[in-house]
Amino acid sequence: MHHIRSVSTLKEIKDFLSSIEENSIIFLDVDDTLITPISKVFRFRSPYRTLIDDIKRDRERIPHFETLLSRWRLQRQTQLVSEEWVGFIKELKEKFPLYALTQMETGPLGDIPLMEKWRHKELTEKGLEFTLTYCGQNKEVILSSPSKPYDATFYKGIFSTGSYSKGEIIRQYCLRKNPGKVVLIDDRAEHLNDVYNACCDCSVPFSGIFFKGERLIAGVPDTTVAEFQKDHLLSQYEWLEDEEAERKIREGSGFFSLK
Ligand SMILES: [Mg+2]
């Protein structure tokens, strides 16, 4: 589709953004666009990469699902998808309003008192900071309903979907701000299409960047180690990074053994 282009490097993003209109607004996805887990379990060629999505889909059947998900979020280590993001975001922020747009639960979740605060800390610790206010506020509930467990919110530069979609947030944004153009950089085509449809509804021009940078990070997990990590997370509610899982297997915990 002509309104969405696929890129794999920050250089391609920079080239594309160098010619966009002055009154544009830029939204950046977080997971697998800005940051990604270090563990090989989550690499693009790993058969286990959808582990957390699968757990979320099964949430009704997992006891204390929110505790499990919050512990994974607190314990997994992350890396920048590209080291260049930090400098590039600082540059872009001088020229455009620049926000993170993340599909994530909001409010308290299991062991995390406030998801938005946790995410903000995780990103600022990596040097990633966005335009701090939206309509003069640094915290706001964007969408909320008694029938939905998680509000869509804004917190210090980060829009979080909660129980809503990225498109629903962008629709609210466009209704209030009527921007000249919306740009979204995301590693998932469904979010790009959803936001494109929201922009069409509001007659706001849209440019999507389908960012495949995470696919350039090498690594495939060892099946035994990945199975152990998955089993340990689901039974012990604890995430083990690759080396720690390997060490535990070597020390002979349970029936797993390295080939
Ligand atoms: Mg993503």
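No experiment lies behind these values; they were computed from the predicted model shown.

Caption draft 1: Representation of the sheet that holds strand S8 (residues 158–160) within the structure. A sheet is described by the order of its strands in space; here eight strands give the open sequence S1-S10-S9-S2-S5-S8-S7-S6, paired in mixed fashion. Of all the strands in the sheet, just strand S1 (4–7) and strand S6 (139–143) have a single pairing partner and so form its edges. Strand-to-strand twist of the sheet, defined as the mean angle between neighbouring strand axes without regard to direction, takes the value 20°. Here five bridges tie strand S2 (residues 24–28) to strand S9 (residues 181–186), and the two strands are oriented parallel to one another. Note that in S9 the partner of Ile 25 across the bridge is Val 182. Contacting strand S5 (98–102), S6, strand S7 (152–155), S8 and S9, helix H6 (residues 166–177) crosses the sheet at an angle of about 110° to S6.

Caption draft 2: Structural context of the pairing of S5. Counting buried positions along S5 yields five of five residues, so the element is predominantly enclosed. Burial along S5 is two-sided: Leu 98, Ala 100 and Thr 102 facing one way and Tyr 99 and Leu 101 facing the other are all buried. Here S2 pairs with S5 via three bridges, running parallel. Bridge pairing links Leu 28 to Ala 100 in S5.

Caption draft 3: Molecular detail of the packing of helix H8 (residues 223–236) against helix H9 (residues 242–250). Packing of H8 against H9 leaves a shortest axis separation of 9 Å and a crossing angle of 95°. The pairing of H8 with H9 is recorded here as roughly perpendicular in orientation. In contact with Thr 224, Val 225, Phe 228 and Gln 229 of H8, H9 contributes Asp 242, Ala 245, Glu 246 and Ile 249. A breakdown of the residues in the contact of H8 with H9 according to their chemical character gives four nonpolar, two polar and two charged.

Caption draft 4: Spotlight on the nonpolar core. Residues Ala 100, Val 182, Val 195 and Cys 199 are the most contacted members of the largest nonpolar core, which totals 41 residues. Residue contributions to this core peak at five residues, all from helix H7 (residues 189–201). When sequence neighbours within four positions are dropped, the list of residues in contact with Ala 100 reads Leu 28, Val 30, Leu 123, Phe 130, Gly 157, Ile 158 and Phe 159. Counting residues in each nonpolar core, the second largest holds 13 residues, with Tyr 48, Ala 226, Trp 239 and Ile 249 among its members.

The rules behind these values
Every residue gets a number counted from 1 within its own chain, in the order that chain's sequence is written. Since the coordinates come from a predicted model, pLDDT governs what is reported: local features require at least 70, and pairs of side-chain atoms require 80 or more to be given and counted, while whole-chain, interface and lining totals use all residues. Two strands form a pair only when DSSP identifies at least two bridges running between them. Under the DSSP-based scheme used, a helix requires at least four consecutive residues in state H or I and a strand at least two consecutive residues in state E, with every element numbered from the N terminus. Throughout, an axis means a line fitted to C-alpha atoms (over the contacting stretch in the case of helices), and angles, computed between N-to-C directions, take values from 0 to 180 degrees. We call two residues in contact whenever the C-beta atoms placed from their backbones are within 7 Å. We call a residue exposed when 12 or fewer other C-beta atoms sit within 10 Å of its C-beta, buried when the count reaches 20 or more, and partly exposed for counts in between; the C-beta positions come from the backbone. Orientation is classified from the angle alone, with under 35 degrees giving roughly parallel, over 145 giving roughly antiparallel, 65 to 115 giving roughly perpendicular, and any other angle giving oblique. When residues are sorted by character, Ala, Val, Leu, Ile, Met, Phe, Trp, Tyr, Cys and Pro go into the nonpolar class, Asp, Glu, Lys and Arg into the charged class, and all the rest, Gly among them, into the polar class. Nonpolar cores are built from buried Ala, Val, Leu, Ile, Met, Phe, Trp, Tyr and Cys residues. These are joined into a set through C-beta atoms within 7 Å.

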